[in-house]
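Structural overview for review
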Amino acid sequence: MLKKRLGLTATLIATGVVGLAGCNSSSSDGDEASATPVSREFGEPSSQQIRPGVEITARGYGTCTSNFLYAANEVNYYIGVAAHCFSNDSNNGVNPCNASSAPIGFSGITIENASRPGELAYSSWTAMQENGETAGSELCQFNDFALVRIHVDDIDNVHPSAIAYGGPRALFNGVASVGDTVYSYGRSSFHSGVQDLQEKEGRISEVLAGGLAYRVSFDNAGLPGDSGSAILHEDGRALAVLTTVGVSLGPSTVGNGAVSLERALNYGKASGHIPASTQLLTWPAFSP
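Residues numbered from 1 in each chain as written. Predicted model: local features only at pLDDT ≥ 70, side-chain atom pairs only at ≥ 80, totals over all residues. Heavy atoms only, no water.

What follows concerns the packing of aromatic side chains. According to the stated counting rule, one finds five aromatic pairs in the structure shown. Judged by centre distance (5.3 Å) and plane angle (45 degrees), the rings of Tyr165 and Tyr183 are tilted. In this pair, Tyr165 sits in the loop between strand E11 (146-150) and strand E12 (181-185) while Tyr183 sits in strand E12, placing the two residues 18 residues apart along the sequence. On the numbers, 6.1 Å between centres and 70 degrees between planes, the contact of Tyr183 with Phe286 is edge-to-face. (Phe/Tyr/Trp six-rings, centres within 6.5 Å; stacked < 30°, edge-to-face > 60°. Helix = DSSP H or I, 4+ residues; strand = E, 2+ residues; numbered from the N terminus.)

Take a look at the structure:
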């Protein structure tokens, strides 16, 4: 079975108050407002807003799907994606801890429904290299997460509700179980805009590396361009980020790979690459 990263570089074909969920580690972004809680009211979501599930295009690298929204303070909002979406080494057999990636601060990023380009604020691949992680380790293999800073001019146009499903109600803490139902949504152009193909329901088929990652079997396969998309647990919590797809050369079941969102965030915070105040933006309505 062949596994592929899911970017386009792959070769296979109601009113409410936003909540914040997550855990903090020792880190600082240098902003005086970094410890200020983000409290904001949102109306009903619309298709013209920057939401979990919008398309992210990185000039020179390809197109992926966003996962969730995050905020460090009132002026620093982020949208999540996969780190490999910013590396042309994704499918060339190069270990992530040796791969070249777009530099932090790279601004050639188009966010669907945004008026201004985004800026790469965090890449787990870059962070792991700076931290001297061992290439070939489980951490290097599975830790695939990035944050794109949303321009301040577009902050008023964000909404935390995931396209198609709503939520996330909170961050999933701990390890999910084999057999748990999960939901995802992908913006790959290969879906041709057909919503029934963009929406995915599946089940966890394997827990990998002690909960660092999962293998998930979906009713609609993940395709190039779906990479980085949100995976919601059956209870509406933000569980993981879609990162790889398997191509079966035989009769065995094929699963998509996903990194635990909690573990990915914790790594970035603990290593000082993600501001400690950065939290998941949540939304209470969830309708799978």
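This paragraph deals with the state of the cysteines. Scanning the entire structure with this criterion turns up two disulfides. Shown here is the disulfide that connects Cys64 with Cys85, its sulfur atoms set 1.9 Å apart. On the sign convention where negative means left-handed, the S-S torsion of about -105 degrees between Cys64 and Cys85 marks this disulfide as left-handed. Taken together, the positions of Cys64 in strand E6 (residues 62-65) and Cys85 in the loop between strand E8 (77-81) and strand E9 (109-111) put the pair 21 residues apart, joining distant regions of the chain. (Disulfide = S-S within 2.5 Å.)

We now examine the nonpolar core. Most often, soluble globular proteins have nonpolar side chains that are buried together. Counting 61 residues, the largest nonpolar core has Tyr70, Ile79, Phe86, Ile111, Phe145 and Leu261 as its most contacted members. In contact with Phe86, not counting residues within four places along its chain, are Ala58, Tyr61, Val81, Ser101, Ala102, Phe106, Ile109, Leu120, Ala146 and Val148. If you look at the next biggest cluster of nonpolar residues, it comprises twelve residues, including Tyr214, Val216, Ile231 and Leu242. (Core = buried A, V, L, I, M, F, W, Y, C linked by side-chain atoms within 4.5 Å. Buried < 20%, exposed > 50% of the residue type's maximum accessible area, 1.4 Å probe, protein only. Contact = heavy atoms within 4.5 Å.)

Moving on to a nonpolar patch on the surface. Together, Val175, Val178 and Val207 make up a nonpolar patch on the protein surface, roughly 220 Å² of accessible area in all. For Val175, a relative accessible area of 44% puts it in the partly exposed group. (Patch = residues over 30% accessible without salt bridge, like charges linked within 9 Å, V, L, I, M, F, W, Y side chains within 5 Å. Areas by Shrake-Rupley, 256 points an atom, 1.4 Å probe, with all protein chains shown as cover. Salt bridge = Lys/Arg side-chain N within 4 Å of Asp/Glu carboxyl O.)

By themselves, these figures tell us nothing about what the structure is for.
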